Amino acid sequence: MIIKMPTQQDIPQMKLLWQQTFGDPMQSIEGFFATGYRQDHCRILWDEKVLGAVYWFDLSWQGSRYGLIYALAVEEAQRGKGLGSYLVEQVCCQLQNQGYAGAVLAPAGEHLHIFYSRLGFAPFGGADTFLAEASGQPVHLEQVDVQTYLQDRSGFGWDDAFAAFVENQCLLYRAGDMRLIRYKDAADIQEYMGPMEKLPGILAGLGIKQARVRMQGAKQPAGMCKRFNPDGDIPGYLGPIMD
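Residues numbered from 1 in each chain as written. Predicted model: local features only at pLDDT ≥ 70, side-chain atom pairs only at ≥ 80, totals over all residues. Heavy atoms only, no water.

Participant: Account for the overall build of the chain, with residues named and values stated.
Facilitator: Helix and strand counts for the chain stand at seven helices and 13 strands. The C-alpha atoms of the chain give 18 Å as radius of gyration, which agrees with the globular expectation for 243 residues (18 Å, within 12%). Counting only C-alpha atoms, the chain reaches 60 × 40 × 30 Å along its principal axes. When each of the 243 residues of the chain is scored for burial, the buried share is 50%. Here the chain displays about 11700 Å² of accessible surface, and carbon together with sulfur accounts for 47% of that area. (Helix = DSSP H or I, 4+ residues; strand = E, 2+ residues; numbered from the N terminus. Rg over C-alpha atoms; globule rule 2.2 N^0.38 Å. Buried < 20%, exposed > 50% of the residue type's maximum accessible area, 1.4 Å probe, protein only. Areas by Shrake-Rupley, 256 points an atom, 1.4 Å probe, with all protein chains shown as cover.)

Participant: Please provide a residue-by-residue account of the packing of helix 1 (residues 11-22) against helix 2 (residues 26-35), values included.
Facilitator: As a packed pair, helix 1 and helix 2 sit with axes 10 Å apart at the nearest point and diverge in direction by 130°. Between helix 1 and helix 2, the crossing angle belongs to the class labelled oblique. Relative to helix 2, helix 1 is oriented so that their crossing is right-handed. Across the interface between the two elements, I11, M14, K15, W18 and Q19 of helix 1 pack against M26, I29, E30, F32 and F33 of helix 2. (Axes fitted to C-alpha atoms, helices over the stretch in contact; angles between N-to-C directions. Parallel < 35°, antiparallel > 145°, perpendicular 65-115°, else oblique. Left-handed = near helix turned anticlockwise from the far one by under 90°. Contact = heavy atoms within 4.5 Å.)

Participant: Run through empty space enclosed by the protein, naming residues and quoting values.
Facilitator: Taken as a whole and judged by the stated rule, the model has one cavity of 30 Å³ or more. As a volume, the largest cavity reaches approximately 40 Å³. Looking at the largest cavity, the residues that line it are F32, G36, Y37, R38, H41, C42, Y55, W56 and F57. At three residues, strand 3 (residues 50-61) tops the list of elements feeding residues into the lining of the largest cavity. The class makeup of the residues in the lining of the largest cavity is six nonpolar, two polar and one charged. (1 Å grid on protein atoms, 1.4 Å probe; cavity = no way out; pocket = protein on both sides within 12 Å on 5 of 7 lines; lining within 4 Å. Points joined across faces, edges and corners; volume = space filled by probe spheres on them. Nonpolar A, V, L, I, M, F, W, Y, C, P; charged D, E, K, R; others polar.)

Participant: Please give an account of the packing of helix 2 against helix 6 (residues 160-169) that cites residues and values.
Facilitator: Close contact between helix 2 and helix 6 brings their axes to 9 Å; oriented N to C, the two are set at 150°. Viewed along their axes, helix 2 and helix 6 adopt a mutual orientation that is roughly antiparallel. Once helix 2 is placed against helix 6, the crossing between them reads as right-handed. Contact with helix 2, carried on its side by S28, G31, F32 and T35, involves A161, A164, F165, N168 and Q169 of helix 6 and no other residues of that element. Tallied by class, residues from the contact of helix 2 with helix 6 come to four nonpolar, five polar and no charged.

Participant: Tell me about the side chain of Q94, and name the residues and values.
Facilitator: By the element assignment, Q94 lies in helix 3 (residues 83-97). The class of Q94 is buried, set by a relative accessible area of 18%. At 3.1 Å, the side chain of Q94 and the side chain of R43 are in polar contact. If near-sequence neighbours (up to four positions away) are discounted, Q94 is found in contact with R43 and W56. (Polar contact = N/O pair within 3.5 Å; in protein donor to acceptor, adjacent residues only side chain to side chain.)

Participant: Requested: an account of helix 3, with residues and values cited.
Facilitator: Compared with the 21 Å implied by 1.5 Å per residue over 15 residues, the 21 Å span of helix 3 between its first and last C-alpha is a close match. What helix 3 keeps buried is the set L83, G84, S85, L87, V88, V91, C92, Q94 and L95. Looking one or two places after helix 3, you find G99, whose phi comes out positive at around 95°. (Expected span 1.5 Å × (residues − 1).)

Here it is, written out as structure tokens:
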């Protein structure tokens, strides 16, 4: 059993493992592999077939690079053997050796908070998630491309792969300092940056009656970080969580 960089021949097994692990539709998985996947930003656990895989993007902050661990998948029959932990630890060692300042991620559930805390990750970057309803005078945002969306945006910078993946999966809007990201096939808002009092009008302008909204806040830690340099600083907000 080895950890290696995947080859083109491994990708069909990797897609199947992703679907079995996360239950995502194949169209969404194909979208990731078409826009966000990079061979050198993935490691697989191999023993005559793909048993596990971990994928990451690059983020930047004040001249430092952080690895955004986006997905970790382990074959169901192999779970409970420490293989997922081993994959993450090996990737973190590689990132550290390559000069990254740390690794960040957004765990989907309390059990994963516990899992990653055992690997040295600590909570950071608060977020509020709530239901919002449209009301009042519509406020219209302009649909923009990802580069326009990111201009003067605070927080982590995105690498080209993450930017392309977000743009493939989502619709992006902007008006002045207000920004909003939502999935193309759902009303949920993955990121809203702007005044709370404007949100009901923005939903009205988008034709959305009700949506689950995620924005920077203090109610819950949205991200976790493992710093390779304990003195390094990170933003107070991870960014959109592509879950």
